[in-house]
Amino acid sequence: MQTTLRTDVSFSGTGLHTGRAARVSVLPQAANVGIWFRRTDLDDAEMIPARYDLVPASRLCTKLVAPDGTDVSTVEHIMAALVGCGIHNALVEVDGPELPILDGSAAPFVRGFLKAGVQRQTAPIHAFEVLKPIRVEDGAAWAELTPAAGLEMEFTIDFADPAIGHQSRFERLANGRFVRELCDSRTFCRQADVDMMRQAGLALGGTYDNAVVVDGDNVLSPGGFRHADEAVRHKMLDALGDLALAGAPILGRYTGFRAGHMVTNKLLRALFARPDAVRLVQCTADQAARLPGVGVKTADLASVA
């Protein structure tokens, strides 16, 4: 069955790129509504559905843009938290152009959602079943979707900085696995990239407390990494949030190599451009049991920082 929140939940913090303070409220919605965003700081602005075809090209974060030009950016972490908690219907209200980065991970969103509680709804879950392999490339980076019984993910990254280096991880994202293994992994970047972005007027809200910053073989953020492979775990978190913009859960295996937001969005566009490669199905009990948010409980957060 579909789910929504039992009650409203709010968050506040600073946007990573704008440096602006923002307050977010996530509200329960009726069955079959899906996930929507609304800018409360703009009069008569269109609401924005969480949909892959409303994402413009961007390498730094995932932005949604409505037909009237209303936009909201850095939606990937809250989208990952929603799908990771099995929430199908919600309205995300934000009083600015960017969601707050919080601690750089999805854990604060997950914690808030689980504290508010998840309400089952009397409507079946539909999912997109991948029928044929789809692959996209962008230089050395690539991503693909292949058939699988549930949502599986394999990701590989390769950075010159020894502090990150080569990392690879595989997860079957079922039964709270996202909450237990991925949701607390933070965004990361190189100090040189931070300097370059700030010169371009970006990353204005970035600090050592909401991102893991590395310089060669040194980790500059206090406390270092939460996991030895936190970097690849965060890339998987981002990919899950970007895949959530399909509009329904995905039954398939995602494999990414050095892939970012643009590559994952390109992959969804390629998937839905091939009607023979995907179909919308009503989930059987077995399929529903394999979805990321099924069975998630507050205890799954026990080991999360």
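Being a predicted model, the structure only gives us computed values, none of them experimental.

Participant: What should I look at first to understand the sheet that holds strand E2 (residues 9-14) in this one?
Facilitator: Through backbone hydrogen bonds, the strands of a sheet pair up, either in parallel or in antiparallel fashion. Overall, mixed pairing links the 5 strands, which are arranged E2-E3-E8-E4-E5 in an open sheet. Because the sheet does not close on itself, it has two edges, and the strands there are E2 and strand E5 (48-49). Bridging between E2 and strand E3 (residues 21-28) involves 6 bridges; their strand directions are antiparallel. Directly across from Gly13, in E3, lies its bridge partner Ala22.

Participant: I would appreciate a short explanation of the side chain of Glu171 in the present structure.
Facilitator: Note on placement: Glu171 falls in strand E14 (residues 166-172). Only 2.6 Å separates the side chain of Glu171 from the side chain of Arg177, close enough to count as a polar contact.

Participant: I'm lost on the pairing of strand E13 (residues 151-158) in this one. Help?
Facilitator: Remark: a regular strand shows side chains that alternate across the two faces of the sheet. Extensive coverage of E13 is indicated by the burial of 6 of its 8 residues. Direction of pairing for E13 relative to strand E18 (residues 250-257): parallel, over a ladder of 6 bridges. Counterpart to Glu154 in the pairing with E18 is Thr255. Judged from the 7 bridges that link them, E13 and E14 form a sheet pairing that is antiparallel. Residue pairing for E14: Asp158 is matched across the bridge by His166.

Participant: What's the story with the nonpolar core in this structure? I'm lost.
Facilitator: If you look at soluble globular proteins, the nonpolar side chains tend to sit buried side by side. With 79 residues, the main nonpolar core has Val26, Phe37, Phe113, Phe178 and Tyr254 as its most contacted residues. When near neighbours in sequence (up to four residues on either side) are disregarded, Phe178 contacts Ala80, Ala81, Gly84, Ala106, Val110, Leu173, Cys183, Leu237 and Leu240. Counting residues in hydrophobic clusters, the runner-up holds 7 residues, among them Ile125, Ala127, Leu251 and Ala288.

Participant: Please explain the environment of Phe225 as it appears in this structure.
Facilitator: With respect to the element layout, Phe225 can be found in the loop between strand E17 (218-219) and helix H5 (230-243). Sequence-wise, Phe225 and Ala211 are 14 residues apart; in three dimensions their C-alpha atoms are separated by 10.0 Å. Dropping the residues within four chain positions of it, Phe225 is found in contact with Ala163, Ile164, Arg186, Val212, Val214, Val219 and Glu230.

Participant: How should I be thinking about the pattern of salt bridges in this particular structure?
Facilitator: Opposite charge on two side chains permits them to pair, given that their charged atoms come into close proximity. According to the stated counting rule, one finds 24 salt bridges in the structure shown. For Asp103, the salt bridge identified is with Arg226, shortest N-O distance 3.0 Å. Placement of Asp103 in the loop between strand E8 (90-94) and helix H2 (107-116) and of Arg226 in the loop between E17 and H5 is noted, with a sequence separation of 123 residues between them. With relative accessibility at 29%, the residue Arg226 sits in the partly exposed group. Among the ionic pairs, Arg172 bridges to Glu152, the shortest N-O distance being 3.4 Å. A residue pair is termed long-range when its members are at least 10 positions apart, and Arg172 in strand E14 and Glu152 in strand E13 qualify at 20 residues.

Participant: Explain the side chain of Arg169 to me, please; I cannot follow it from the model alone.
Facilitator: Within the element layout of this structure, Arg169 appears in strand E14. Taking relative accessible area as the criterion, Arg169 reaches 15% and is therefore assigned buried. Looking at Arg169, its side chain comes within polar contact range of the side chain of Glu171, at 2.9 Å. A distance of 2.9 Å separates a polar atom in the side chain of Arg169 from a polar atom in the side chain of Asp229. Look past the residues within four positions of Arg169 in its chain and what remains in contact with it is Met153, Glu154, Phe155, Glu181, Leu182, Asp229, Val232, Arg233 and Met236.

Participant: Just checking my understanding: could you explain the layout of surface pockets for this structure?
Facilitator: In this approach a probe as big as a water molecule rolls over the atoms, and the regions it shows empty are the leftover space. When its volume is computed, the largest pocket comes out at roughly 1100 Å³. Lining the largest pocket are 44 residues, with Arg59, Leu60, Phe159, Phe188 and Lys235 positioned closest to its centre. Taken together, the residues of the lining of the largest pocket break down into 22 nonpolar, 11 polar and 11 charged. Its boundaries defined by the atoms lining it, the second largest pocket holds a volume of some 910 Å³. Of all elements in the fold, only strand E4 (35-39), helix H1 (76-84), strand E9 (118-120), strand E10 (126-130), H5 and helix H7 (285-289) reach the threshold of two or more residues within the lining of the second largest pocket. Within the lining of the second largest pocket, the residues separate by chemical class into 32 nonpolar, 13 polar and 3 charged.

Participant: Any chance you could explain the sheet that holds E17 here in plain terms?
Facilitator: Strands sit in the order E15-E16-E17 across an open sheet of 3 strands; the sheet is mixed. Both outer strands of the open sheet, strand E15 (188-190) and E17, are each paired with one neighbouring strand and no more. Alignment of E15 against strand E16 (residues 212-215), held across 3 bridges, turns out to be parallel. When the bridges of E16 are listed, Cys189 appears paired with Val213. Against the sheet, helix H4 (residues 191-199) touches E15 and E16, its axis set at about 85° to E15.

Conventions adopted
Residue indices follow the written sequence of each chain, beginning from 1 at its first position. Under the rules for a predicted model, residues below a pLDDT of 70 receive no local features and side-chain atom pairs below 80 are neither given nor counted, while totals for whole chains, interfaces and linings still include all residues. Hydrogens are left out, water is left out, and the side-chain values use all remaining heavy atoms of the structure. Any two strands with at least two DSSP-identified bridges between them are counted as paired. Each helix is a run of DSSP H or I of at least 4 residues and each strand a run of E of at least 2, with the numbering of both proceeding from the N terminus. Polar contact criterion, stated in full: a pair of N or O atoms within 3.5 Å, where within protein one must be able to donate a hydrogen and the other to accept it, and residues adjacent in sequence count only if both atoms are side-chain atoms. Here's how the labels work: a residue is buried when its accessible area is under 20% of the maximum for its type, exposed when over 50%, partly exposed in between, all with a 1.4 Å probe on protein chains only. The definition of a nonpolar core used throughout is a set of buried Ala, Val, Leu, Ile, Met, Phe, Trp, Tyr and Cys residues joined through side-chain atoms within 4.5 Å. Here a residue-residue contact requires only that any non-hydrogen atoms of the pair lie within 4.5 Å. When a carboxyl oxygen of Asp or Glu is within 4 Å of a side-chain nitrogen of Lys or Arg, the pair counts as a salt bridge. Residues are called lining when one of their atoms sits within 4 Å of a cavity or pocket point, these points coming from a 1 Å grid over the protein atoms alone, where a cavity is a set in which a 1.4 Å probe fits but cannot get out and a pocket is an open set with protein on both sides within 12 Å along at least five of seven lines. Grid points are joined across faces, edges and corners, and a volume is the space filled by probe spheres set on the points. Charged means Asp, Glu, Lys or Arg here, nonpolar means Ala, Val, Leu, Ile, Met, Phe, Trp, Tyr, Cys or Pro, and polar covers whatever is left, Gly included. In this analysis, axes come from line fits to C-alpha atoms, helices being fitted only over the stretch in contact, and the angle between any two N-to-C directions falls in the range 0 to 180 degrees.

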